Amino acid sequence: MVGAERKIPISTDWLTTPLYLALMIAALNMPMLAFFVSVFILINFQPKEALSQFAFALVAGISLSLMAAARPVAFEQFSDTDVYYGIYRSIHEGDMSVLTLYGGGFEIGISVLFFLLSYISPFISINGMMFFLSLFSILMFIIWLRRVGSHEPPRRQAFLLGISLLMINLYFATQTSRQFISTIFLLFAITERSIIIKLAYIAVASAFHITSIPFFIIYTLAQRWRHGWIAVLLLATILRFYFANLLAMIGVMPAAMAEKITYYLNNSAGYTSADLGALKIIALLAIVSGIALVAYRFRPPPEKRAWLTAPWIAGAVHIILLPIPLLSLRTTLAVHALLPGFLVANMLDGRRAWMTTMAVSNALLVYKVVSFATAEGSGNLLSTIAIAHLLFS
């Protein structure tokens, strides 16, 4: 009697990927459409093949970078982007003195990036520089997501990529570029186990923004669960009420620290619309936390409790620091700009609350579609060709 032939399962990704790619080719003429098709597939179809996941993440990242680069900066009264472009132009013209412009000469990361960019592309517009900063940031973020999610099941990895890319705010990659990139390298440091490599990541992060050192300490404290979060709230409260004392000490501070304090002194008109916009995202995360808590019938798994609490702690810190212009926005940057989707993915459990996970994720997808389509002063609705023209004009 001949034994039955064992059937080898065939991944359905190889059957459905051509359809996905056909949709992507049709959507590539418009970055916004390409972006949302990509993240929709990652969130809802969750391809298991690593190559498929990376392909859709890459298309989403490039599309999002194009939209971030299409912002008409000429209409902004003051923008850090203008300063960054001035540095790029100076380096392009051979003026290397700007390499040590920030942080008392220590924060050379952004200048080194522009030095490399001047060789890659001899001349680009300010929009082209924004595209480069956005693309560099999103690629580093995708690499980090792949690393931190490598232990997850394949479909969970696809979902993590999709929801994280959906919720990231690349505007800050073109505005608070140094801190945004610094925070990405800080994520590598926080999740790295090797002490030597961890220190190397912290050094790179500090070369972009020296505040990565105290932020690393804060994030380390936050990982200590209740006691750590109490310490974070106390630090925020102390900073809020003793900020005036710091201002009085500017004359005796190291140059790098004095530069940061002076920045907030020069923005003394009270909290800004950007501060409130960031608080709105944190509030949205708090709502997702509440929905997840209900889905768990108010008995969340122990491993989910820290994630469910994170938006509330971030919101409290943001509100405490709100009277200091832009400090609340920068202190909670990782939560409201870089990791909102990552937090959503970790608050929700697709195995125990699959319908809730899908409902919340697609509701956020619709929310982002509407936000992108109705955003004033953006180039989100421009075609790929129109944006490409902006990059070199």
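Residues numbered from 1 in each chain as written. Predicted model: local features only at pLDDT ≥ 70, side-chain atom pairs only at ≥ 80, totals over all residues. Heavy atoms only, no water.

Novice: Would you take a moment to explain the overall build of the protein for this structure?
Specialist: Scanning the protein for helices and strands turns up 21 helices and zero strands. Looking at the protein residue by residue over its 393 residues, the buried ones come to 50%. Considering only residue pairs separated by 6 or more positions, the protein has 75% of its internal contacts joining residues 24 or more positions apart. Here the protein has roughly 19200 Å² of accessible surface; of this, 70% comes from carbon and sulfur atoms. (Helix = DSSP H or I, 4+ residues; strand = E, 2+ residues; numbered from the N terminus. Buried < 20%, exposed > 50% of the residue type's maximum accessible area, 1.4 Å probe, protein only. Contact = heavy atoms within 4.5 Å. Areas by Shrake-Rupley, 256 points an atom, 1.4 Å probe, with all protein chains shown as cover.)

Novice: I keep staring at the packing of aromatic side chains and nothing clicks. Help me out?
Specialist: Centre distance and the angle of the planes are the two values used to describe a pair of aromatic rings. Under the definition given, this model contains 17 aromatic pairs. For the pair F35 and F36, a centre-to-centre distance of 5.0 Å together with 70° between the ring planes defines the contact as edge-to-face. Side by side, F35 and F36 carry an identical accessibility label, which is buried. Feature note: the residues Y84, Y85, Y88, Y102 and F114 constitute an aromatic cluster, connected by ring pairs. (Phe/Tyr/Trp six-rings, centres within 6.5 Å; stacked < 30°, edge-to-face > 60°.)

Novice: Even after reading the chapter, I still don't get the pattern of salt bridges, so can you show me in this structure?
Specialist: Charged atoms that come close allow side chains of opposite charge to pair. Considering all chains together, one arrives at four salt bridges under this definition. A salt bridge links D80 to R330, with the nearest nitrogen and oxygen atoms 3.7 Å apart. Taken together, the positions of D80 in helix α4 (residues 80-92) and R330 in helix α17 (residues 327-331) put the pair 250 residues apart, joining distant regions of the chain. Overall, D80 belongs to the buried group, its relative accessible area being 13%. For E93, the salt bridge is made with R89, and the minimal N-O distance between the two is 3.2 Å. For R89, a relative accessible area of 22% translates into the label partly exposed. (Salt bridge = Lys/Arg side-chain N within 4 Å of Asp/Glu carboxyl O.)

Novice: How should I be thinking about the environment of F123 in this particular structure?
Specialist: Relative to the helices and strands, F123 is located in the loop between α5 (109-120) and α6 (126-148). On the basis of relative accessible area, F123 is assigned to the partly exposed category, the value being 39%. Separated by 31 residues in the primary sequence, F123 and H92 place their C-alpha atoms 7.8 Å from one another. Each residue touching F123, except ones within four places of it in the same chain, is listed here: Y85, Y88, R89, H92 and F392.

Novice: Which parts of the structure should I look at to understand the packing of helix α2 (residues 31-45) against helix α3 (residues 50-69)?
Specialist: Between two packed helices, both the angle of their axes relative to each other and the distance between the axes serve to describe the pair. At a minimum axis distance of 8 Å, the contact between α2 and α3 shows a crossing angle of 150°. Seen from above, α2 lies across α3 with left-handed handedness. For the pair formed by α2 and α3, the contact residues are P31, M32, A34, F35, S38, V39, I41 and L42 on the first element and Q53, F56, A57, V59, A60, S63, L64, L66 and M67 on the second. Partitioning the contact of α2 with α3 into residue classes produces 14 nonpolar, three polar and no charged. (Axes fitted to C-alpha atoms, helices over the stretch in contact; angles between N-to-C directions. Left-handed = near helix turned anticlockwise from the far one by under 90°. Nonpolar A, V, L, I, M, F, W, Y, C, P; charged D, E, K, R; others polar.)

Novice: Please clarify how a nonpolar patch on the surface should be interpreted in this entry.
Specialist: Taken together, I230, L234, I238, F241 and Y242 make up a surface patch of nonpolar side chains, about 570 Å² in accessible area. Mapped onto the secondary structure, L234 falls in helix α12 (residues 225-241). (Patch = residues over 30% accessible without salt bridge, like charges linked within 9 Å, V, L, I, M, F, W, Y side chains within 5 Å.)

Novice: Any chance you could explain the layout of surface pockets here in plain terms?
Specialist: For the second largest pocket, the calculated volume is near 200 Å³. In this structure, the second largest pocket is lined by W144, R147, V148, F188, I190, T191, E192, R193 and Q223. When residues of the lining of the second largest pocket are traced back to their parent elements, those giving at least two are α6 and α9 (177-191). Considered class by class, the residues forming the lining of the second largest pocket number four nonpolar, two polar and three charged. (1 Å grid on protein atoms, 1.4 Å probe; cavity = no way out; pocket = protein on both sides within 12 Å on 5 of 7 lines; lining within 4 Å. Points joined across faces, edges and corners; volume = space filled by probe spheres on them.)

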